[in-house]
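Read off the chains here:
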Amino acid sequence: MSAQLAVAATLSAGTSTGEAVQFWILGTVAVIGALCTVFMKKAVHSALCLAGTMIVLAVFYLANGAYFLGIVQIVVYTGAIMMLFLFVVMLVGVTAADSLKETIKGQRWLALLSGLGFGILLVGGIGNASVGEFTGLGQANANGNVEGLASLIFTKYVFAFEITGALLITAAVGAMVLTHRERTERAATQRELSEKRLREGKYLPPLPAPGVYARHNAVDIAGLLPDGTPSELTVSKTLRERGQIRDVSMEALGDLKSLEQRAGERLERGMPAPADSEGSGAKRSEEASK
């Protein structure tokens, strides 16, 4: 116990002010980013917070002399994998309502039990860890950071490295198997699909473009019929189910009403008065009798 206290005192005494400030600032940012990843309502915001946390971890690696891990953390995880997740979420569009749907029955309880078990193992491993003496960055990176890391991976930790690779390959194959759908029946031809639409009496012509008669051509604005009512055929069903359709029919109806009112006022100005028309008609009849 006294040896561990002496090592801790030596480490605390050897830590500079800059390292302490860097640790507390970046550590706080990393924890806040991790919490925001879990508690954010939108998946895009969660992905951005996770990317920020990964960048902070890369800075920690670089500050501790693990240059290879720091660069890999930025290039592979943050730059490639995390940005791929972000682009997929932005293109597909995952709302908070979609994330609440439980696709596999009981998966929340299984995830809770798995997280609890992992936490117990982590606390137990840290509690039983005993460190007698630290090697130091100078000795660890004596022959180069990449060379020292490769030596450890392919000699001392080769078994753990192979198991990790096997687990990653298994996860990739499992994801491909779960997403693959085997077609068990013959695909319908274009003629058969056309005949089916005719029998069912569906909308046969091509769908109208969005924003027709609406003074806007955005995909989230329904096209208007000549009477000003919106047409549901002009917008995507996906946008309609998400509630992302903008309605501009009232604006168009208001413009149409004001246009009709102005047209009526102009017609009233151009028409002669009823009294004048009667007087002129009587005058013409008198002249004809003479």
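Scroll up a little and you will see the structure.
Cut-offs and rules
Every chain is numbered independently, its residues counted from 1 as its sequence is written. Totals for whole chains, interfaces and linings use every residue, but because this is a predicted model, local features are given only for residues with pLDDT of at least 70 and side-chain atom pairs only at 80 or more, for both listing and counting. By convention in this description, side-chain values take in all heavy atoms of the structure and omit both hydrogens and water. Helical segments are the DSSP runs of H or I of at least four residues, strand segments are the runs of E of at least two, and each set is numbered from the N terminus. Burial classes follow relative accessibility: with a 1.4 Å probe on protein chains only, a residue under 20% of its type's maximum area counts as buried, one over 50% as exposed, and anything between as partly exposed. In this analysis, two residues are considered to be in contact whenever any of their non-hydrogen atoms come within 4.5 Å of each other. Fitted lines through C-alpha atoms serve as axes, helices being fitted only where they are in contact, and the angles separating the N-to-C directions of these axes extend from 0 to 180 degrees. In this scheme, roughly parallel covers angles under 35 degrees and roughly antiparallel covers those over 145, while 65 to 115 is roughly perpendicular and the rest are oblique. Whether a crossing is left-handed or right-handed is set by the direction in which the near helix is turned from the far one by less than a right angle, anticlockwise for left-handed and clockwise for right-handed. We call Asp, Glu, Lys and Arg charged. Ala, Val, Leu, Ile, Met, Phe, Trp, Tyr, Cys and Pro are nonpolar, and the rest, Gly among them, are polar. In protein, a polar contact requires one atom able to donate a hydrogen and another able to accept it; more generally it is a pair of N or O atoms within 3.5 Å, and residues adjacent in sequence count only if both atoms are side-chain atoms. When a carboxyl oxygen of Asp or Glu is within 4 Å of a side-chain nitrogen of Lys or Arg, the pair counts as a salt bridge. In this scheme, patches are assembled from residues that exceed 30% relative accessible area and form no salt bridge. Like charges are connected within 9 Å, while nonpolar side chains (Val, Leu, Ile, Met, Phe, Trp, Tyr) are connected within 5 Å. To be clear on the numbers: accessible area is Shrake-Rupley with a 1.4 Å probe, and residue cover counts the displayed protein chains and nothing else. When two cysteine sulfur atoms are found within 2.5 Å, that pair is recorded as a disulfide. In the cavity and pocket records, a cavity denotes points on a 1 Å grid over the protein atoms alone where a 1.4 Å probe fits but cannot get out, a pocket denotes an open set with protein on both sides within 12 Å along at least 5 of 7 lines, and lining residues are residues with an atom within 4 Å of a point. Grid points are joined across faces, edges and corners, and a volume is the space filled by probe spheres set on the points. What is meant by a nonpolar core is a set of buried Ala, Val, Leu, Ile, Met, Phe, Trp, Tyr and Cys residues, joined one to another through side-chain atoms within 4.5 Å. Each pair of aromatic rings taken from Phe, Tyr and Trp, with Trp reduced to its six-membered ring, is defined by centres within 6.5 Å and is described as stacked if the planes are under 30 degrees apart, edge-to-face if over 60, and tilted in the remaining cases. Multiply 1.5 Å by the residue count of a helix minus one, and that product is the helix's expected span.

Visitor: Can you help me understand the overall build of the chain in this one?
Guide: Across its full length, the chain holds 13 helices and zero strands. The helix and strand sequence of the chain, counted from the amino end, reads α-α-α-α-α-α-α-α-α-α-α-α-α. Expressed as a percentage of the 290 residues in the chain, the buried residues total 13%. The long-range fraction of contacts in the chain, counting pairs at least 24 apart against all pairs at least 6 apart in sequence, stands at 47%.

Visitor: What's the story with the packing of helix α2 (residues 17-39) against helix α3 (residues 43-63) in this structure? I'm lost.
Guide: Any two packed helices are characterised by the angle at which their axes cross and by the distance between the axes. Across the interface, α2 lies against α3 with an axial gap of 8 Å and an inter-helix angle of 155°. The angle between α2 and α3 falls in the class roughly antiparallel. In terms of crossing hand, the pair formed by α2 and α3 is left-handed. Contacts from Q22, F23, L26, G27, V29, A30, G33, A34, C36 and T37 in α2 reach S46, C49, L50, T53, V56, V59, F60 and A63 in α3. When grouped by side-chain class, the residues that make up the contact of α2 with α3 number 12 nonpolar, six polar and no charged.

Visitor: Just checking my understanding: could you explain the side chain of S46 for this structure?
Guide: Topologically, S46 is positioned in helix α3. The exposure class of S46 is buried, given its relative accessible area of 11%. At 3.2 Å, the side chain of S46 forms a polar contact with the backbone oxygen of T37. Sequence-distant contacts of S46, defined by excluding residues within four places in its chain, comprise C36, T37 and M40.

Visitor: Teacher, can you tell me more about the pattern of salt bridges here?
Guide: Oppositely charged side chains are able to pair whenever their charged atoms sit close together. Enumeration over the complete set of coordinates arrives at three salt bridges. Here E192 ties to R186 by a salt bridge, and the two come within 3.0 Å at their closest N and O atoms. One continuous salt-bridge network, built from bridges that share partners, spans R191, E195 and R199.

Visitor: How do you make sense of a nonpolar patch on the surface when you look at a structure like this?
Guide: Together, L62, Y67, I71, I74, V75, V76, Y77, I81, L84, F85 and V88 make up an exposed nonpolar region whose accessible area comes to about 970 Å². For the nonpolar patch, the element with the most residues is helix α4 (residues 67-92), which contributes 10 residues. The partly exposed category is assigned to V88, whose relative accessible area is 43%.

Visitor: Sorry, what's going on with the state of the cysteines here?
Guide: Working definition: the covalent bond between the sulfur atoms of two cysteines is a disulfide. Scanning the entire structure with this criterion turns up zero disulfides. Counting only cysteine sulfurs, C49 is the nearest neighbor of C36, a cysteine outside any disulfide, at a range of 4.5 Å. Taking relative accessible area as the criterion, C36 reaches 24% and is therefore assigned partly exposed.

Visitor: When you look at the layout of surface pockets in this model, what are you seeing that I'm missing?
Guide: A probe as big as a water molecule, rolled over the atoms, marks out the empty space that is left. The calculated volume of the second largest pocket comes to roughly 580 Å³. Residue lining of the second largest pocket: 16 residues in total, with L69, L149, I153, Y157 and F161 positioned closest to the centre. Elements that contribute at least two residues to the lining of the second largest pocket include exactly α4, α8 (145-156) and α9 (158-179). Considered class by class, the residues forming the lining of the second largest pocket number 12 nonpolar, three polar and one charged.

Visitor: In this structure, what is going on with the side chain of T53? I would like to understand it.
Guide: Secondary-structure assignment places T53 in helix α3. Note on T53: relative accessible area 11%, which makes it buried.

Visitor: What is the right way to look at the nonpolar core in this model?
Guide: For soluble globular proteins, nonpolar side chains are generally found buried alongside one another. The biggest cluster of nonpolar side chains holds five residues, and these are A47, A51, M54, M82 and L86. The greatest single-element share of this core, amounting to three residues, is contributed by α3.

Visitor: Quick question: what am I supposed to make of the packing of aromatic side chains here?
Guide: Any aromatic ring pair is given by two values, namely how distant the centres are and how the planes are angled relative to each other. Tallied over the full model, the rule gives three aromatic pairs. Their ring planes at 75° and their centres at 5.4 Å tell us that F23 and W24 sit as a pair that is edge-to-face. Grouping aromatic residues by their ring pairs yields a cluster made of F23, W24 and F60.

Visitor: Teacher, can you tell me more about α2 here?
Guide: Each α-helix winds once per 3.6 residues, and so residues spaced three or four apart point in a common direction. Here α2 is 23 residues long and its end C-alpha atoms lie 33 Å apart, about the 33 Å a rise of 1.5 Å per residue gives. Three or more residues of α2 are buried, namely L26, G27, A30 and G33. Where α2 is buried, its residues contact α3.

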